[in-house]
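# Chains, contacts and geometry: an overview
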Amino acid sequence: MLDLFHLVLQIAVILVAARLVGFLFQKIHQPQVMGEMVAGILLGPSLLGWLAPGVSAALFPPASLSYLNALSQVGLVVFMFVVGLALNPSDLQGYGHAAVLTSHVSIAAPFCLGGLTALYLYPRLSDDGVTFTGFALFMGAAMSITAFPVLARILSERGLVRSRMGTLAIACAAVDDVTGWCILAYIVVLVRVTHAARPAWVTIAGSIAYVLIMLFVVRRMLPAFEREFRKRDHLSDNLVAVIVVLVLVSALATEWLGVHLLFGAFLMGAIMPKAPEFTRYLLHKFESVTVVLLLPLFFAYTGLRTRIGVGGGREIWFYSAIVIVVAITGKLGGSMYAARLAGMPWREAASLGILMNTRGLMELVILNIGLDIGVISPAMFAIMVLMALVTTFMTTPLLEWVYPARLFKAQMDHVHKNVA
Amino acid sequence: MAAYLLLVGVPVLGLLGILEAGRGIRAPLSVGGEWAVEAEGGPPRQLAWTISQSGPQATITLHDGTGTKLDARIDGATLTAGSPGGAVAARIAGRVEGRRMEGEITLPGCAPVAFHAVRQAAKKEGA
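Attention in this report is confined to the structure presented alongside it. (Residues numbered from 1 in each chain as written. Chains lettered and ligands numbered in written order. Predicted model: local features only at pLDDT ≥ 70, side-chain atom pairs only at ≥ 80, totals over all residues. Heavy atoms only, no water.)

## Some remarks on the overall build of chain A
Applied cut-off: Secondary structure elements follow DSSP: runs of H or I no shorter than four residues count as helices, runs of E no shorter than two count as strands, and numbering proceeds from the N terminus. When we talk radius of gyration, it's over C-alpha atoms, and the globule rule is simply 2.2 Å times the number of residues to the 0.38. Working rule for contacts: check all heavy atoms of both residues, and any pair within 4.5 Å makes them a contact.
Within chain A, the secondary structure is distributed over 20 helices and 0 strands. The C-alpha radius of gyration of chain A comes to 21 Å, within 12% of the 22 Å expected for a compact globule of 420 residues. Projected onto its principal axes, the C-alpha positions of chain A cover 65 × 50 × 45 Å. When contacts within chain A are restricted to residue pairs at least 6 apart in sequence, long-range pairs at least 24 apart make up 81% of them.

## Considerations on the packing of aromatic side chains
Residues and elements named next belong to chain A. To keep things clear, this is the line we draw: Aromatic rings from Phe, Tyr and Trp, with only the six-membered ring used for Trp, were paired whenever their centres fell within 6.5 Å, and each pair was classed as stacked if the ring planes differed by under 30 degrees, edge-to-face if by over 60, and tilted otherwise. Accessible area is worked out with a 1.4 Å probe on protein chains only. A residue is then buried under 20% of its type maximum, exposed over 50%, and partly exposed in between.
As enumerated under the stated definition, the model contains 10 aromatic pairs over all chains in all. Ring centres of F81 and F286 lie 5.2 Å apart, and the angle between their planes is 75 degrees; on these two criteria the pair is classed as edge-to-face. Of this pair, F81 sits in helix α5 (residues 65-86) while F286 sits in helix α14 (residues 276-305), placing them 205 residues apart in sequence. Here F81 and F286 have matching classes, each one buried. When the ring of F229 is compared with that of Y281, the centres are 4.9 Å apart and the planes differ by 40 degrees; the resulting orientation is tilted. Taken as a pair, F229 in helix α11 (residues 223-232) and Y281 in helix α14 lie far apart in primary sequence, 52 residues in all. Grouped by ring-pair contacts, the aromatic residues Y120, F318 and Y319 constitute a single cluster.

## Describing the sheet that holds strand β5 (residues 78-82) of chain B
Residues and elements named next belong to chain B. In plain terms, the rule: DSSP-based pairing: two strands are paired if at least 2 bridges between them are found. Here, axes are lines fitted to C-alpha atoms. For helices the fit covers the stretch in contact, and angles between N-to-C directions go from 0 to 180 degrees.
Taken in spatial order, the 8 strands close into a barrel running β1-β2-β3-β4-β5-β6-β7-β8, and their pairing is antiparallel. Each strand axis lies, on average, 30 degrees off the axis of its neighbour in the sheet, ignoring direction. Examined bridge by bridge, strand β1 (residues 33-39) and strand β8 (residues 113-119) share 5 bridges and lie antiparallel to one another. Note that in β8 the partner of E38 across the bridge is H116.

## Here's the deal with a negative patch on the surface
Residue and element names in this part refer to chain B. This is how the line gets drawn: Without a salt bridge and with relative accessible area above 30%, a residue can belong to a patch; like charges are then joined within 9 Å and nonpolar side chains (Val, Leu, Ile, Met, Phe, Trp, Tyr) within 5 Å. Computed with a 1.4 Å probe, the accessible areas rest on the Shrake-Rupley method; for each residue, only the protein chains presented here act as cover. Any carboxyl oxygen of Asp or Glu that lies within 4 Å of a side-chain nitrogen of Lys or Arg is treated as forming a salt bridge with it. His is not counted here, nor are the chain ends, while Lys and Arg score as positive and Asp and Glu score as negative. Each charge is placed at NZ for Lys, CZ for Arg, CG for Asp and CD for Glu.
Taken together, the side chains of E38, E40, E97 and E102 define an acidic patch exposed on the protein surface. Its location among the elements puts E38 in strand β1. Taking the relative accessible area as the measure of exposure, E38 reaches 31% and is therefore partly exposed.

## Topic: the interface of chain A and chain B
Note the cut-off: Buried area is a sum: the accessible area each of two parts loses on coming together, probed at 1.4 Å, counted once for each and added. Counted as a polar contact is a pair of N or O atoms within 3.5 Å, where, for protein atoms, one must be capable of donating a hydrogen and the other of accepting one, and residues adjacent in sequence contribute only when both atoms are in side chains. Under the grouping applied here, Gly and all other residues not named as nonpolar or charged are polar, the nonpolar ones being Ala, Val, Leu, Ile, Met, Phe, Trp, Tyr, Cys and Pro and the charged ones Asp, Glu, Lys and Arg.
Listed per partner, the contact involves 36 residues of chain A and 29 residues of chain B. Buried surface at the junction of chain A and chain B, both sides included, amounts to about 2,700 Å², of which 69% is carbon and sulfur. The largest contributions to the chain A side of the interface with chain B come from C112, D127 and D128 of chain A, which together make up 17% of the buried area. On inspection of chain A and its partner chain B, the count reaches 0 salt bridges. Taken together, the connections running from chain A to chain B amount to 5 residue pairs in polar contact (both at pLDDT 80 or more). Partitioned by chemical class, the residues of the side of chain A that touches chain B number 23 nonpolar, 7 polar and 6 charged.

## A word on the environment of T306 of chain A
Residues and elements named next belong to chain A. Considering the arrangement of structural elements, one finds T306 in the loop between α14 and α15 (314-341). On the accessibility criterion, T306 (0% relative accessible area) is buried. Put simply, T306 and Q30 are 276 residues apart on the chain and 22 Å apart in space, counted from C-alpha to C-alpha. Setting aside residues no more than four positions away along its own chain, T306 makes contact with I41, P45, S46, F381, A382 and V385. One polar contact links the side chain of T306 to the main-chain carbonyl oxygen of T302, over a distance of 2.6 Å.

And the structure:
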């Protein structure tokens, strides 16, 4: 039975912890979301459960976690819609050679290195209920993801959005996001069809039919929302509710097909009209509740499943070090080298690599899917969460070191003077 | 073009090679999930436990009202578990075959008893 007292108490504690740690992280020039992710980990067995097991058990009894999970999943569905909404195909146009090379290398290099790491980690952290192919592909996908929303926020905070490096980073991250989600959808289908009662052809044919319907039928109907917005300068509550229902139906369709709820929500956002005012309006409508209320619940739920340093012995730290080094080498190194080959100066190429290495929240989303479908073990999950935290945390200080804000400002001033 | 082939084509081919090489690697036996346990001999006693597995290491949570946790290790088809830190409170030694497990369990204050267990559902959720 639903224990409302516990649920409301949990939400209150999570929100306070998220805002507090987020505030502290902002003080050290980290994005707020980084602090919220850490707050989630601190509330789990890695800290609270370790320091005060009694308090942790009283605050988060296992039976109550399903409600917290349900709320966080609803939040993720809306969040993935927002991520898809913010994705603009025009970001990808006009960057030619450099964007194509950098984005493809930033996927291929970490993907390959992730697969290589899987050769070592599969017998140590997995079991024979998972095929090597599923494990290796998941490792590759998880290594190659870039947190598009966090990256965009860092660029915006540093005033780099309109720089060549900033626009290229956004273009590459957009390609990475779409590619990463397509690969992940394939892995989920691969893992789920092995255990599912539904024949594989239903999932595959159904997924193709679903994508075609979304692209050629639903997408043509969506500009009606934009026209209505232009007429009245806002959307009525009823129309916003219709958009929410469309997101939920799309999410349910992909879940029913055996892919995952989140793919449907993401695709719905991706095919929405992209007029800037309309997108901004919808982002404003959906973002605040999701970012302030529901995402911290997801971080806390992730933290409650993460046991960093609890059990497993010293070898877990060794595996963590391997995963972190491989993740950084593949993503940062691969993107940087490709950008340099495409003609970018070293400083900008290195900055691009650092930005592409930001995994943040998108990594946590993918890891939770991996744990849910059983393709990664709890220890592997904890290691990858640690990798996500490290790669996200290092972005801002490393970027400041390689491409200081004062240097960028001086260069921009120089460009503006020459133009004038 | 040459840079693209080198930086994208080579990793893709490498990945294909890795997937092929990985087919021969064996991972530890899967034991994760919910197990329904029945003690043998004496009056029928029902017990249940959940195994959370990461490679050869696992944690067994007994559904005994107190949520006792045991550290376990899987070696081939054999599972051995004891209280964390080596404290002698509870012990399990079992042999796994498919979805079934047989062995001996020693609970605090009780004599060792034989048991057989059946895995309830496919491994899912590591929470």
